[in-house]
Amino acid sequence: MANSPTCFDEVYPGAGRTQYYLADKKNQESFDLKNILTSTIAFYRQRKTGIIFSLFILFIILFWFSLPSPLFNTPTSTVLYDKNGTLLGALISDDGQWRFPHNAEVPEKFKQAITQFEDRNFFIHPGINPLSMGRSAIQNIKAKKVVSGGSTLTMQVIRMSRQNRKRSFLEKFIESLLAIRLELSYSKKEILALYASNAPFGGNVVGLDAAAWRYFGRTPADLSWAETATLAVLPNAPGLIFPGKNQHLLFEKRNRLLDRLKQQGIIDTETCVLSKQEPLPGKPYPLPSIAPHLLVRASKEGLRGQSVKSTIDARLQQRAAEITEKHHSILKGNRINNLAALILDVETGSVLAYAGNANKKDKTDNGNDVDIIAAPRSTGSILKPFLFAAMLSDGELLPNTLVPDIPTNISGYTPQNFNLTYDGAVPAKRALSRSLNVPAVKMLQTYGTERFNYVLKKLGMSTINKPAGHYGLSIILGGAEGKLWDIAGIYASMARTLNHYSEYGGKYDASDYHKPSYLADSLSHHEPVLENASIYDAASIKFTFDAMVEVNRPDADMAWKLYSSSTQIAWKTGTSFGYRDGWAIGVTPNNVVAVWVGNADGEGRPGLTGIGTAAPIMFELFGLLKTHKWFEQPYDEMVKASVCEQSGHRATELCEETESVWIQVSGSKTSACPYHKLIHLDASQKYRVNSECEDVNKMVHRKWFILPPSQEFYYKSKNPSYRELPPFRNDCVGSNSNSMELIYPKQLSKIYVPVELDGKPGKTVFEVAHRRKNAIIFWHLDDKYIGSTSSFHQMGFAPEQGSHTLTLVDEEGETIVQRFEIVKKEKQTTMN
């Protein structure tokens, strides 16, 4: 509504407008200031709200991320279990505590006991219990000291995770917040498991699992109500009350808890009464030590501080330990202090028993802490079957092919058989079963050290890490080191390959060759990747195992002979140079048993042989295992062939006695019999003749088995049925008969002459073979006559160091000229 004119306006026109202007201006300024103040206040109110909101968001973020991950970062014990969960042993944690790794499972008895004793409202509160905390505060004020903490189990978990910091109101507030936070991310079951795994139980025992084993010698699930109640009250004051001290206080606490459990209807009256009569634990039990060396191995192989479920069979492990300890007590009489045994399952390669060494029973340091199963040791003859199988698989021999067994010197290397005798020539199969050294060296010389090294690496010999020239031919007699672990795994892989051959329809799975495993989690099933070939073909493996079955077992009065001789086992022994290592490894379609005997420090002992010390243990361990059928014949990898009975080669038309036998497919490319030849006799059939001294029409032609003179010399003494080659008739003496052969030394040999006790060089024994029994040979050294021999052609003399020429002439003028070099002291090798 417009303002009406006033008298003032009438008298002084325009003055009113000025007054109004001034009044309006003043009112306007007042209004603007009010608005500014109002806006400012509103702005600061909004800002305060934003700050409060931001602080709230920041608090929520800090609250959410306030919980450490992991909650507990304390070191734990390495704990080893068998395949069924039986405790085999444990190593104390790095901080000196018996603290088992976290166990997500809490036995029902302990859950009931601990919640009734520590936190009855555990399953309904959010992490804190205000009523309990208030009640505790009143009790503490009245007592004028801390008599009750009021902490829930959740708060106690937080306090343990914070290393039991000094108690204060601030610390209690932090614990309360973190307890609420813990409840938001963890279930009640998980929180209870955290408590059970980390609660202190007195002394250096932490966690329910460790406490159950230390105080009662069994798992928490196997404890009685009295035992469970005892453990439930211990964390309340572990520094004051623990088994062995303050027994009356512990007894009273336990019984009060048992009464509480009865009142709540958790246990009945009879159980309560009987439980109260149970004694308290005394001195802590030692933890089981059933497979100590495997436990240490697992700790070293990246499993330190973890719960390790192994493939070990605890019952078999304990029985195997009893057997090894029994033999160890006998072996110690000969100052043989160490032994190891390994039992594998062929199908999976899993370890069923692992005795890394003999148990240490006194303070004497005999190397019993050394895990021999994983230690490199000289292999002796244990690798011979691998060479035999390789030559079969590559088509270089048949199982019964004759191999030379004569005195041998190869660039100064002079292997000898264990019994220091020679057979002249022996079937390869028999050479393996008798573990003859010279034939093995001859076979390796034929096969090649480079090829054999390559095969060993493919098989899984982790210790073959030098060029073939480093080992030379001695690798087949212990010139290289091997681990019981690797070698047992190779035999298991061969058996696995043979078992799977028929299952896979005549195909091979390359993954069948793998190392053993002691981890249960590693035994996952895989689909085989089938191939047409493998390291060894199935037939060659079968022939190798068949040859190993024929190993002659020692004296019948030995304890291991109690093992059923009707059960077939392919087995091999080995003895290293100096009697330092005794090996015995056996394989069946189901299992491999490997044993080593010796001294960890490498000291040799008389009588320390594989067949005398390790084999008896091996056979007794096999007695713990189930019987089985033998390997099936892999006929798809075999063919029928006519084989010469005398030479073991593929038969020719000159072989008089042949047999049709199964051989490996690759055996079809082996050489035909080189020993059967057609000879020409006179009418009396007593003398050989040729066209120079006999009419061809009057000759009698005969098929004859003829070995080289050096082989014949020894062969005929072991084989009475061997027919010596008839001599040439007198009028045919000019014939090139090749009746004489130098056995030792061979052409351009380097001879290392032994040094006698007086420091002077010893004599070197030279040996010649002649087809005629009564032949006379005349000996010349560097064109100087030194003597003659008849019938038995050996002569010992000591040439000076340097190069020499030996000339031999028989009475018919046949001559041999051989060059050799005398170097220095000779090194002998005698291993089985």
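None of the values given here were measured: they were computed from a predicted structure. (Residues numbered from 1 in each chain as written. Predicted model: local features only at pLDDT ≥ 70, side-chain atom pairs only at ≥ 80, totals over all residues. Heavy atoms only, no water.)

## Description of the overall build of the protein
So, point 1. A count of helical and extended segments in the protein gives 22 helices and 30 strands.
So, point 2. Expressed as a percentage of the 832 residues in the protein, the buried residues total 50%.
So, point 3. The contacts in the protein between residues at least 6 apart in sequence include a share of 67% that link residues at least 24 apart. (Helix = DSSP H or I, 4+ residues; strand = E, 2+ residues; numbered from the N terminus. Buried < 20%, exposed > 50% of the residue type's maximum accessible area, 1.4 Å probe, protein only. Contact = heavy atoms within 4.5 Å.)

## A few points about empty space enclosed by the protein
So, point 1. Taken as a whole and assessed by the stated rule, the structure comprises three cavities of 30 Å³ or more.
So, point 2. The calculated volume of the largest cavity comes to roughly 60 Å³.
So, point 3. Lining the largest cavity, in full, are Lys-384, Leu-387, Phe-388, Ala-428, Ala-431, Leu-432, Leu-436, Ala-440 and Met-443.
So, point 4. Elements that contribute at least two residues to the lining of the largest cavity include exactly helix H14 (384-393), helix H15 (428-433) and helix H16 (437-447).
So, point 5. Each residue belonging to the lining of the largest cavity can be placed in one class, and the counts come to eight nonpolar, no polar and one charged.
So, point 6. Considered as a void within the structure, the second largest cavity measures approximately 50 Å³ in volume.
So, point 7. Lining of the second largest cavity is provided by Asn-103, Glu-105, Val-106, Ala-193, Ala-196, Ser-197, Leu-208 and Asp-209.
So, point 8. Elements represented by at least two residues in the lining of the second largest cavity include exactly helix H7 (188-198) and helix H8 (208-216).
So, point 9. Broken down by element, the lining of the second largest cavity gets its largest block of residues, three residues, from H7.
So, point 10. Of the residues that constitute the lining of the second largest cavity, the class distribution is four nonpolar, two polar and two charged. (1 Å grid on protein atoms, 1.4 Å probe; cavity = no way out; pocket = protein on both sides within 12 Å on 5 of 7 lines; lining within 4 Å. Points joined across faces, edges and corners; volume = space filled by probe spheres on them. Nonpolar A, V, L, I, M, F, W, Y, C, P; charged D, E, K, R; others polar.)

## Remarks on the packing of helix H5 (residues 153-161) against H7
So, point 1. For the pair H5 and H7, interaxial distance at closest approach is 9 Å and the crossing angle is 50°. For the element pair H5 / H7, the angle class is oblique. Between H5 and H7 lies a crossing whose hand is left-handed. On H7, the residues touching Leu-153, Thr-154, Gln-156, Val-157 and Met-160 of H5 are Ile-191, Leu-192, Leu-194, Tyr-195 and Asn-198.
So, point 2. By residue class, the composition of the contact of H5 with H7 is seven nonpolar, three polar and no charged. (Axes fitted to C-alpha atoms, helices over the stretch in contact; angles between N-to-C directions. Parallel < 35°, antiparallel > 145°, perpendicular 65-115°, else oblique. Left-handed = near helix turned anticlockwise from the far one by under 90°.)

## Observations regarding the sheet that holds strand S24 (residues 764-770)
The strands making up a sheet associate through hydrogen bonds between their backbones, and the pairing can be parallel or antiparallel.
So, point 1. A sheet is described by the order of its strands in space; here three strands give the open sequence S22-S24-S27, paired in antiparallel fashion. Because the sheet does not close on itself, it has two edges, and the strands there are strand S22 (740-744) and strand S27 (794-797). If you compare each strand with its neighbour and ignore which way they point, the axes differ by 25° on average.
So, point 2. Where S24 lies against S27, four bridges are found, and the strand directions are antiparallel. By the bridge assignment, Phe-766 is partnered in S27 with Met-795. (Pairing = 2+ DSSP bridges.)

## Focus: the environment of Lys-253
So, point 1. The residue Lys-253 is located in helix H10 (residues 247-263) in this model.
So, point 2. Along the sequence, Lys-253 and Leu-234 sit 19 residues apart, while their C-alpha atoms lie 9.0 Å from each other.

## Some details on the state of the cysteines
So, point 1. The full count for this structure, using the stated rule, is one disulfide.
So, point 2. What pairs with Cys-693 in a disulfide is Cys-732, and their sulfur atoms sit 1.5 Å apart. Because the sign of the S-S torsion sets the handedness, a value of about 100° for the bond joining Cys-693 and Cys-732 places this disulfide among the right-handed ones. Of this pair, Cys-693 sits in the loop between strand S20 (676-681) and strand S21 (700-705) while Cys-732 sits in the loop between helix H22 (709-718) and S22; the two residues are 39 residues apart in sequence, bridging distant segments of the chain. For the pair formed by Cys-693 and Cys-732, the shared burial category is buried.
So, point 3. Cys-655 supplies the cysteine sulfur nearest to Cys-644, a cysteine that is in no disulfide, at a spacing of 3.4 Å.
So, point 4. Classification of Cys-644 as buried rests on a relative accessible area of 1%.
So, point 5. The structure places no disulfide on Cys-673, whose sulfur is separated from the nearest cysteine sulfur, that of Cys-655, by 3.8 Å.
So, point 6. Classification of Cys-673 as buried rests on a relative accessible area of 8%. (Disulfide = S-S within 2.5 Å.)

## Some remarks on the sheet that holds strand S28 (residues 802-810)
So, point 1. The strand order across the open sheet built from five strands is S23-S29-S28-S25-S26, with neighbouring strands paired in mixed fashion. Either end of the sheet is taken by a strand with one partner, and the two such strands are strand S23 (749-751) and strand S26 (784-790). Each strand axis lies, on average, 30° off the axis of its neighbour in the sheet, ignoring direction.
So, point 2. Note that S28 and strand S29 (residues 815-822) share eight bridges and pair antiparallel.

## Structural notes on the confidence of the model for the protein
Predicted coordinates in regions of low pLDDT should not be interpreted in detail.
So, point 1. With 88% of its residues at a pLDDT of 70 or more, the protein has an overall mean of 88.
So, point 2. Every residue in residues 1-12 is under pLDDT 50, and counting partners more than four places away or in other chains gives four contacts.
So, point 3. Under a pLDDT of 50 for its full length, residues 826-830 has, in the predicted model, 19 contacts with residues more than four places off or in other chains. (pLDDT = per-residue confidence, 0-100.)

## Section: the side chain of Thr-463
So, point 1. Looking at the element boundaries, Thr-463 is found in the loop between helix H17 (449-459) and helix H18 (468-471).
So, point 2. Judged by relative accessible area, Thr-463 falls into the buried class, the value being 13%.
So, point 3. Reaching out from Thr-463, the side chain makes a polar contact with the backbone oxygen of Glu-481 at a distance of 2.5 Å. (Polar contact = N/O pair within 3.5 Å; in protein donor to acceptor, adjacent residues only side chain to side chain.)

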